[in-house]
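Fold and contact review
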Amino acid sequence: DIARFAATPGNAQLTNPFNQLFAGIEYANICIANIPKMAMYTVGTDQQKKQLQRMLCEALTLRAQFYLEAIMIWGDLPAHFVPASALAIENPFPSRTDRDTIYNHLIIDLKTASDLVPWRNELAVIGDPMDERITKGTVKGLRARIALFRGGYSLRSDASIKRNADYLTYYQIAKDECNDIITSGQHS
């Protein structure tokens, strides 16, 4: 419908992707809020702690990916960084948050994730098989991509296309993350 310029209230081409992305954000928020509360996260064996840290990092990374996709489509969005049950008490009607604020939050989250998640060659140490789950290379690559979006030009709510004066800071983050991936020798 939308591809043929027939936007009607019954179109699902906008609401379904929006709802799916925010459902993913909600699931990630639930994991991020609850994994650190697990007893094994603090008092488990080293292997259990590392595996739970990896799961936490995966949730942080997936939330960042969902937000990046949503921002690319809709621009500024409500910032949901806690589960909906907590958000309903704190701020039941969140307003739009500037995309740069959301990007900054995601860049910090991904820095935390990259410090905790293993490289591909370190998976055996924590007892995980070589699989297609998120590793340090994935996190660093996504952090570089978000930093490029944060530093680059974008269409703003006042209909201007601009970038902030601090764009070189984010280009440096992207350069450093990409350099870490290249020098790691983990990915060809």
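Throughout what follows, the structure given in this document is the object of discussion.

So, how was this worked out
Residues numbered from 1 in each chain as written. Predicted model: local features only at pLDDT ≥ 70, side-chain atom pairs only at ≥ 80, totals over all residues. Heavy atoms only, no water. Core = buried A, V, L, I, M, F, W, Y, C linked by side-chain atoms within 4.5 Å. Buried < 20%, exposed > 50% of the residue type's maximum accessible area, 1.4 Å probe, protein only. Helix = DSSP H or I, 4+ residues; strand = E, 2+ residues; numbered from the N terminus. Contact = heavy atoms within 4.5 Å. Axes fitted to C-alpha atoms, helices over the stretch in contact; angles between N-to-C directions. Parallel < 35°, antiparallel > 145°, perpendicular 65-115°, else oblique. Left-handed = near helix turned anticlockwise from the far one by under 90°. Nonpolar A, V, L, I, M, F, W, Y, C, P; charged D, E, K, R; others polar. Salt bridge = Lys/Arg side-chain N within 4 Å of Asp/Glu carboxyl O.

Turning our attention to the nonpolar core. Judged by nonpolar contacts, the single largest core of 35 residues is most densely connected at Y67, L77, I102, L106 and I146. Going through the elements one at a time, α1 (15-34), α3 (46-74), α5 (99-116), α6 (136-151) and α7 (167-184) are the ones with two or more residues in this core. For this core, the element with the highest residue contribution is α3, accounting for ten residues. If we skip the residues at most four places from it in the chain, I146 touches A64, L68, Y103, L106, I107 and L110.

Attention now moves to the packing of α6 against α7. What describes two packed helices is the angle between their axes and the distance between those same axes. At a closest axis distance of 8 Å, the pairing of α6 and α7 adopts a crossing angle of 160°. The pairing of α6 with α7 is recorded here as roughly antiparallel in orientation. Read as a crossing pair, α6 and α7 show a hand that is left-handed. In contact with G137, K140, G141, R143, A144, A147, L148, R150 and G151 of α6, α7 contributes Y167, Y170, Y171, I173, A174, E177, C178, D180 and I181. The residue inventory of the contact of α6 with α7, partitioned by class, reads ten nonpolar, three polar and five charged.

Here the phi dihedral of A159 falls at roughly 70°; this positive angle occurs in a residue that is not glycine. Checked against the element boundaries, A159 lands in the loop between β3 (154-155) and β4 (161-162).

Once that is clear, we can look at the side chain of T97. When you line up the elements, T97 lands in strand β2 (residues 96-97). With relative accessibility at 19%, the residue T97 sits in the buried group. Look past the residues within four positions of T97 in its chain and what remains in contact with it is D76, L77, P78, A79 and I102.

A few words now on the pattern of salt bridges. Within this structure, the stated rule accounts for 15 salt bridges. One salt bridge connects D128 with R54, and the closest N-O pair in it is separated by 2.8 Å. Of this pair, D128 sits in the loop between α5 and α6 while R54 sits in helix α3, and the two are 74 residues apart along the sequence. Assigned by exposure class, D128 and R54 land together as buried. A salt bridge links K111 to D115; the nearest nitrogen and oxygen atoms lie 3.1 Å apart. A residue pair is termed a helical-turn pair when its members lie 3 or 4 positions apart in one helix, as K111 and D115 do in helix α5 at four residues. The structure contains a network of salt bridges with shared partners spanning R54, E58, D128, D131 and R133.

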